[in-house]
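# Examining the three-dimensional arrangement
Listed below are the residues making up each chain.
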Protein chains: 6
Amino acid sequence: MRPSGRAPDEMRAITIETGYTKHAEGSCLIGFGDTKVLCTASVEERLPPWLRGKGQGWVTGEYSMLPRATHTRGSREAARGKQSGRTQEIQRLIGRSLRAVVDMEKLGERQITLDCDVIQADGGTRTASISGAWIALRLAVNGLMKQGLIKNDPITGKIAAISCGIFQGTPVLDLDYEEDSNADADANFVLIEGGQIAEVQATAEGATYDEEGLLRLLRLANMGCDQIFTAQDEASH
Amino acid sequence: MRPSGRAPDEMRAITIETGYTKHAEGSCLIGFGDTKVLCTASVEERLPPWLRGKGQGWVTGEYSMLPRATHTRGSREAARGKQSGRTQEIQRLIGRSLRAVVDMEKLGERQITLDCDVIQADGGTRTASISGAWIALRLAVNGLMKQGLIKNDPITGKIAAISCGIFQGTPVLDLDYEEDSNADADANFVLIEGGQIAEVQATAEGATYDEEGLLRLLRLANMGCDQIFTAQDEASH
Amino acid sequence: MRPSGRAPDEMRAITIETGYTKHAEGSCLIGFGDTKVLCTASVEERLPPWLRGKGQGWVTGEYSMLPRATHTRGSREAARGKQSGRTQEIQRLIGRSLRAVVDMEKLGERQITLDCDVIQADGGTRTASISGAWIALRLAVNGLMKQGLIKNDPITGKIAAISCGIFQGTPVLDLDYEEDSNADADANFVLIEGGQIAEVQATAEGATYDEEGLLRLLRLANMGCDQIFTAQDEASH
Amino acid sequence: MRPSGRAPDEMRAITIETGYTKHAEGSCLIGFGDTKVLCTASVEERLPPWLRGKGQGWVTGEYSMLPRATHTRGSREAARGKQSGRTQEIQRLIGRSLRAVVDMEKLGERQITLDCDVIQADGGTRTASISGAWIALRLAVNGLMKQGLIKNDPITGKIAAISCGIFQGTPVLDLDYEEDSNADADANFVLIEGGQIAEVQATAEGATYDEEGLLRLLRLANMGCDQIFTAQDEASH
Amino acid sequence: MRPSGRAPDEMRAITIETGYTKHAEGSCLIGFGDTKVLCTASVEERLPPWLRGKGQGWVTGEYSMLPRATHTRGSREAARGKQSGRTQEIQRLIGRSLRAVVDMEKLGERQITLDCDVIQADGGTRTASISGAWIALRLAVNGLMKQGLIKNDPITGKIAAISCGIFQGTPVLDLDYEEDSNADADANFVLIEGGQIAEVQATAEGATYDEEGLLRLLRLANMGCDQIFTAQDEASH
Amino acid sequence: MRPSGRAPDEMRAITIETGYTKHAEGSCLIGFGDTKVLCTASVEERLPPWLRGKGQGWVTGEYSMLPRATHTRGSREAARGKQSGRTQEIQRLIGRSLRAVVDMEKLGERQITLDCDVIQADGGTRTASISGAWIALRLAVNGLMKQGLIKNDPITGKIAAISCGIFQGTPVLDLDYEEDSNADADANFVLIEGGQIAEVQATAEGATYDEEGLLRLLRLANMGCDQIFTAQDEASH
C-alpha cells in the first residue's frame, strides 16, 4: 500500500499553468501533486564563446530549490557561495535532456536557457523540471516562429521524465517524498514520445535490482510519460 | 502623467495569497501590480552561535531574484558563486526592518528566517519583500502561539515599506519599473503603524532634492503604508 | 551629556593631510577626531566594458578597514575570500555619492577610483570616506586639467557626509564609536553644497523616530556639512 | 569495426598494481588499456559531524583528473577554485557505488575515503575508478581486520563498473576515448557480483535507444563485469 | 651608479613612528625611504584550534598592499576574492621570521597577529614589514609584561630584514623599486642580532650568481641589519 | 646518525621513468627514494594575454599533492576551493627556476606548462619537482625541435634542486621526511650546471645558522646537484 493511497501505476495529478511570468519568452508552473516547479525559457541572441560562428544554437538548463521548498529550510546556495553537486548534476541532466529533442542548426545562433526553480518539493523535482521545461521551450520557440525569427521548427519531438522505484517490494510510478525517502531503488527515466529512451539514472539504495526489475520500472515510466505527453500537448497549444 | 496612468498618490493593486507553500510555518505571495514576491517564514529552534544562551531569539532575512524575474535574464547568484552587493544590502534591510517590531526575549531562543524570493519584478521588490515578510512572520508566530510554544506575542506592531520618488518633477507613490528607471530621486521608507519611521533610504540619481522634497515623499509613503497595513490586517486574520 | 563632552551640535576636529601618498593622482588622510581614513583617487584611461565608447567617464569607490583599525582585530576580508555586506553597501554609497557631483561627459573616457582605507576607526568611517574622497577627486581632477587632459571642470559641486543620531533622547551631530554603539537611531546624510540632499540612510535601532525627528537630524547634518565644505575648500586649494 | 580492432564484446586489457603507494591503507593503480587510475583508500577514525555517535561508519569517494591526463591540458580545478559539475557527479557516483556493498555498522565508527586520481585518460575513467576503488577498499579492510580493529567483514560483495555504448549502430563493451567521443549512446553500469544492478546511467547523445537497446547494453556490461570481478579477486588476495 | 645616487652599501633613511594607531597593543609606521608600512600587533587570548591546551602561544603575520600603494592601482584582493600567491608567500615569511625570536611557552596561551599593511611601496616592502613587525611585537609584549600577564620576556632577540641585489654588476644594499625592477639578482635576508641567519630568499632573475656573490650580498645585509637593530632599539624604548 | 643510515653527503636513490604518460609532450616520473613526482610538460600555442605579440614564449609551473601522498590524508585543494599558500609558493618557485634556463625568444610564441603532481611524498617534493620538470621540458623541446617548430635550442643549461639541512648539528644532504620534520634548519637550493645559483630558500626552524653554516649547505647542494645533472643527462638522451 502506498502512503498516498495511490495504485502502483497511478500518477499524481498533473497541473500546468502556462504564462506564469510575464517577462520570460516561455514559462509554466508545473505541478505533480504537491511538487511545484516554475520553468522559464529565456531566449538570448548570444552564444557561449565556444559555440560562436558555428551556425548553430544551444539549449541549457539551470535548477534551484527555494530555501523553504522543503520540509526543513535548506541554506541558500548563493549564500554558501557554491552550487551543490546535486544541483549541478540535475541541471546538467535538464540541459542534456532538452537538447535531445532540439535541432541546433534549425534553432540558429541563439541560446535558450531553461530555468527550473522549485517552489515546493514533494519528490520528483528533477523529472517535473524536465517535463515543464519542454513546455516553456515549446512556447518560446512558438514565439520565435511567430515573429519569423525561426523558419523551420527546431523541436524534433516531445520529451518527458518521471521517477519510478521499488517501494516495499513493489514497483511504483511517480514517487512522492515519503516514498522516495524509503524506496529500495529509485530510477529516473527521460523518455521521448514514440518509445525512445533519452536517459536512465537508476540507483539502488540499500536493496538492488536485477534486469527484470529494471524492465518493470521502464514500463511504468512509459505509462507515466504517455500521460505527461498528453498534458504537454494540451498546455502548449 | 505616470506611464501607468495612475494618479501621483495612487498605489498599484495589492494582492496577497497566504499559505502559498505548505512546508513553511508562514508564507504568502504578495503582489504590488506585476511585482510578485514569495515570502516564507521558517522557524528553527537553533540560534546563530553568537546568540546562544542569552535568553532571546533572532529574526533574519534573505532575498533573491529568480533569474528571469526581470526583463532580461540575470545570471544566477549561486552559479556566479557570490551574492551581489545589492542583494546583501536588501537582505540586511529586510532583517533589520522586521527586527524593529519584534521583542526578541518574548520570541524565545529560536530563529525565524524570512526568505523573500522575487518571482516577477516590476519595481519595488525590496519594499514588497518587507511588507510580505511581516505577514509570513505574523502567521508563523500565530502558529507558535497556538502550539503554546510562545506565551506572549513578541510582535510589537505592524511594519510596511513603500518606495516613492520624484518622476518628471512630481513626487509619486509606489514606483513601477518604468518610473524607477527614469526617476530623478528614489526613496524607500520603512514605516511602523502609528507614524514612526524605522528606516529611510533616499537616493538622488541625477537630480537632488531638498528638505521640502524629502518631506513630501515621506508623506506619500505614510499614505501608502496605511493601505498596506490594512491589507496585512486582512491577510493575517 | 555626550561621552566626549561635546555639545549636541559640535563636530569633532577635522584634520586633512593632502598628498599623503606619492603615487595616487589625488590623496588625503582625513580625520574626524580619532577616525582616520586614507582616501586616494586613481585615474585610469580605461573604462569598465559596459561603458566603453559612450563618450563618458566613470567614478567608483572602494572601501576597506585595516584589520586592526578597530578595538578588537577583525579578520581580513581578502583572507576570508569575500567582502562583507557592510563593505559592499558602503562602497556602493561612496561611488554613488561622488557620481552625484561629476559630469561624466566632461570627465571624458576615463575612470577614477576612490579608495577609502580606514586606518583607525572611531565611528563615522563611511561619512569621513565620502568627505575625504571628494578632496582626493578634486586634486586628481585639478591635475588632469593642469595637464590639459580635461578642458572643462567635470566637478559640479562639493559633496560631504556626516552621521547624526538620537543619543539618550537628544539629537546629536557626528557620532563617535561610543555614541554610535548606543544610539537609538542613526542617520547618515550625504549633502551637496547649497542645500541639496544626495542621500539619506536613516535607521532606527531599538527606538524609532517620527517626521519631526528626521527633520532635526537633517538640520544638524546641514550644520556639520557646512564645516566640512569649508575644510574641503581649504584643503584643495 | 571498432577503431581499436576489438570485437564488440571485447574488453581492453585490465592491469592492476596493488600497493602502489606506501602511505595509504589500501591502494592500486588500475588500468583499462591506456586509462590509468590511482585508487587509494584512507582510513580515518573520525566521522563527518552528522554521523557521529550513531554506531556506524561511512565510505566516500573523491575523483580528479591530473591536468595532463588528457589529450590537451585541462586547467587544474584547485586553481580554478571549484570542482566541475562532472567531477562532483562522478565522485558522488563512486561513493554511492561502494556504499552499496558495505555494511556500515560492521565497519564501525570510522570513515574510509576512496581517492581516485586519473593519471592517464582514454575513456571509462569513472568506471575504472569504481572497479579500482573496490580493490583499495578491500585491502584497507583486510588490514583493519588483521589488526583486530574490525571483527566481521563489512564488505558484502564485489562491485565493478563498465561503460557500454552504441557505436556506429553496434552495441560495444568498454568504450575507449575515440569510441566514447563518437558513440550514439553511452551507458555506465555499476554491477554487483551475482547479477544485481547497483546503478545505471544511460545517456543518448544524438541518437536514442529503446528497451531492447538498453537490455543489450546491460548484457554486455554483465560480461565485462565478470572479467573485472575475476581480476579484483586475483588482485586482492 | 645607483639611480638614487646612493653608495652601494648605503641604506635609505629609516623612519619609525611608534603608537601610530590607538587600538593596537603595539604599532608603528616604518619607512625605508618612500616605502611606508603600517605594522600592528594584536593580542588575542584565543589560539587556533590546533594549538589549544598545549601550554604555548603563537605568532602569525598578515600582509597586504593598499590598492594604490604602487605606481599603478592594483585590484583589491578582497574584491578579487583571494589573496595572491605573492601575498601568501610574504605573510608566511613574516610569521616564520618573528617566530624565530619568540619563546612560545613564555608567551603563554595567546596569539599575537602582526598585520603589515603597505601604505606606500617603493621596493623592500616585505623586509620593511618584518623589521617593523618586530617593533610592534616588542611594544605589545612590553604592555603584556607591564600588566603582569607575562612574567618572563618571551622575545629572545631582535630580528630584521633587508634586501640586497646585484645591480648592473655591483652588489648593492636596500634596493628601491627602480633598482629592484632592473636587478640581475635579488635576495632577501632575515637576520638575528648577533650574526645568525633566520632566512635567505635569493633569486636570480636573468643573471645568476655564484657562492662568492651570495656571500657578498650576505655581508651587505649584515651591515644593513645592524643599522635596523639600532633603529629598533631606539624606537622600542 | 641519519634515521635512514645514510652518510651526511649521501643522496637517496634517484629513479627516472621518462614517457610516463602518453599525452604530454614530455613527461617523467622522478623518484628520490620514496618521494615520487609525476612531471609533465604541456605545450600550448597560446600565451597568457599580457605576453601576446611580444615575440617570446613563457614557461610556468603548477604543483599539487595527491590527497594521500602523505602519511595522513590531506584534504583536496579543489574541494576546499583554493590552493594553499604552500602550494602557490612552490609553483611560483618551479616556474621561476625553469625560466632561469630558457631563452624566451628562442622558445617562440608558445607556453610550456610544467605540472608536478606528487604521487608519494617523503620529503623534498619541491626540489624533486624542479629536477623532474627540467627533464619533461627537455623532452618537450626536443619534440618541438624534431618537428621543426623551433630552430635554435631555447634551453640554455641544466637546472636541478636539492634540499639540505642541519640535522642534530650536522649538515646533511637530501632530507627525507623524518629528517625534514626534525631539522634545525632547512634550505632548498636551485642550481645551474656549471656552478651558478638560481635560487636559495633557507629557513631556520628553532635553531639558526651563520655564514659558515650557509656555505656548508651550499657545498653539499653542489655535490647533490652534480648527481642530478648526470641523471638528467641519461634520462633525456
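Our structure is the block above this text.
First things first, this report covers the structure right here in the doc. Everything numeric in this text was worked out from a predicted model, so none of it was measured.

Right, let's talk about the overall build of chain A for a bit. Each helix and strand counted, chain A has six helices and nine strands in total. Its C-alpha atoms give chain A a radius of gyration of 18 Å, near enough to 18 Å, the size a compact globule of 237 residues would have. Counting only C-alpha atoms and orienting by the principal axes, one finds that chain A spans roughly 50 × 45 × 30 Å. Expressed as a percentage of its 237 residues, the buried residues of chain A come to 61%. Taking the contacts inside chain A whose residues are at least 6 apart along the sequence as the reference set, 69% of them involve residues at least 24 apart.

Moving on, we get to the arrangement of the chains. Without any contact between them, chain A and chain E keep their closest C-alpha atoms 11 Å apart. With respect to C-alpha atoms, chain B approaches chain F no nearer than 11 Å, and the pair has no contact.

Residues and elements named next belong to chain F. Between its first and last C-alpha atoms helix α4 (residues 125-146) spans 31 Å; for 22 residues at 1.5 Å apiece the expected length is 32 Å, and the two agree. Most of α4 is tucked away: 17 of the 22 residues are buried. Looking one or two residues past α4, glycine 148 carries a phi angle of roughly 75°, positive in sign.

This next bit is on the pattern of salt bridges. Residue and element names in this part refer to chain B. All chains considered together, the criterion is met by 132 salt bridges over all chains. Here glutamate 179 and arginine 6 are joined by a salt bridge, their closest N and O atoms 3.6 Å apart. Pair noted here: glutamate 179 is in helix α5 (residues 177-182) and arginine 6 is in the segment before β1 (14-18), with a separation of 173 residues, a long-range link. Of the residues examined, glutamate 179 reaches a relative accessible area of 0% and is grouped as buried.

This part is about the sheet that holds strand β9 (residues 196-204) of chain E. Taking strand neighbours across the sheet as the criterion, the eight strands line up as β7(E)-β6(E)-β8(E)-β9(E)-β9(F)-β8(F)-β6(F)-β7(F) in an open arrangement whose pairing is antiparallel. Taken across any chain shown, the strands that pair with only one partner, and hence form the sheet edges, are β7 (170-173) of chain E together with β7 (170-173) of chain F. Neighbour-to-neighbour, the strand axes of this sheet turn through a mean angle of 20°, independent of strand direction. Sheet topology places β9 of chain E next to strand β9 (residues 196-204) of chain F; five bridges connect them, and they run antiparallel. Pairing of alanine 202 of chain E across the sheet is with valine 200 of chain F, part of β9 of chain F. Sheet strands in contact with helix α4 (residues 125-146) of chain E are β6 (159-167), β8 (185-192) and β9 of chain E, and its direction is about 160° off that of β6 of chain E.

Before going further, it helps to spend a moment on the sheet that holds strand β5 (residues 111-120) of chain A. Residues and elements named next belong to chain A. The sheet built from five strands is open, its strands ordered β1-β2-β3-β5-β4 with mixed pairing. Each edge of the open sheet carries a strand with a single partner, namely β1 (14-18) and β4 (58-65). In this sheet, adjacent strand axes meet at a mean angle of 20° when their direction is disregarded. With respect to the sheet, helix α2 (residues 85-99) is in contact with β4 and β5, its orientation differing from that of β4 by roughly 145°. Contacts from helix α6 (residues 211-235) reach β1 and β2 (26-32), with the element oriented near 25° to β1.

All right, on to the relation of the copies chain D and chain F then. Each copy of the chain is related to the other by a rotation around an axis and a translation along that axis. Note on the identical chains: chain D maps onto chain F by a rotation of 180° and an axial translation of 0.0 Å, with an RMSD of 0.0 Å. In short, the pair behaves as if placed about a two-fold rotation axis. Rotation axis and chain D: the residue whose C-alpha lies nearest the axis is alanine 78 of chain D, separated from it by 1.8 Å. Looking at the interface residues of chain D, 100% of them are also at the interface in chain F, so both copies use one shared face.

Moving on, we get to the packing of helix α6 (residues 211-235) of chain E against helix α6 (residues 211-235) of chain F. One way to put it is that α6 of chain E packs onto α6 of chain F with a least axis distance of 11 Å and a crossing angle of 160°. Considered as vectors, α6 of chain E and α6 of chain F are oriented roughly antiparallel to each other. Crossing handedness for the pair α6 of chain E and α6 of chain F: right-handed. Residues Glu211, Leu214, Leu215, Leu218 and Arg219 of chain E of α6 of chain E form the contact with α6 of chain F, whose participating residues are Glu211, Leu214, Leu215, Leu218 and Arg219 of chain F. Here the residues of the contact of α6 of chain E with α6 of chain F sort into six nonpolar, no polar and four charged.

A separate point is the interface of chain D and chain F. The interface is formed by 39 residues belonging to chain D together with 39 residues belonging to chain F. Here chain D is connected to chain F by 14 salt bridges. Linking chain D to chain F there are 25 residue pairs in polar contact (both at pLDDT 80 or more). Looking at the side of chain D that touches chain F, the elements that each hand over two or more residues are β3 (35-44), β4 (58-65), α1 (77-80) and β5 (111-120) of chain D. When its residues are assigned to classes, the side of chain D that touches chain F shows 15 nonpolar, 11 polar and 13 charged.

Turning our eyes to something else, we now look at the pairing of strand β7 (residues 170-173) of chain D. Residue and element names in this part refer to chain D. The sheet contact formed by strand β6 (residues 159-167) and β7 spans four bridges and is antiparallel. Among the inter-strand pairings, glycine 165 is bridged to a residue of β7, identified as valine 172. Hairpin connection from β6 to β7: two residues lie between these consecutive antiparallel strands, with glutamine 168 at a positive phi of about 50°.

Cut-offs used in this document
Residues numbered from 1 in each chain as written. Chains lettered and ligands numbered in written order. Predicted model: local features only at pLDDT ≥ 70, side-chain atom pairs only at ≥ 80, totals over all residues. Heavy atoms only, no water. Helix = DSSP H or I, 4+ residues; strand = E, 2+ residues; numbered from the N terminus. Rg over C-alpha atoms; globule rule 2.2 N^0.38 Å. Buried < 20%, exposed > 50% of the residue type's maximum accessible area, 1.4 Å probe, protein only. Contact = heavy atoms within 4.5 Å. Expected span 1.5 Å × (residues − 1). Salt bridge = Lys/Arg side-chain N within 4 Å of Asp/Glu carboxyl O. Pairing = 2+ DSSP bridges. Axes fitted to C-alpha atoms, helices over the stretch in contact; angles between N-to-C directions. Least-squares fit on C-alpha atoms with pLDDT ≥ 70 in both. Parallel < 35°, antiparallel > 145°, perpendicular 65-115°, else oblique. Left-handed = near helix turned anticlockwise from the far one by under 90°. Nonpolar A, V, L, I, M, F, W, Y, C, P; charged D, E, K, R; others polar. Polar contact = N/O pair within 3.5 Å; in protein donor to acceptor, adjacent residues only side chain to side chain.

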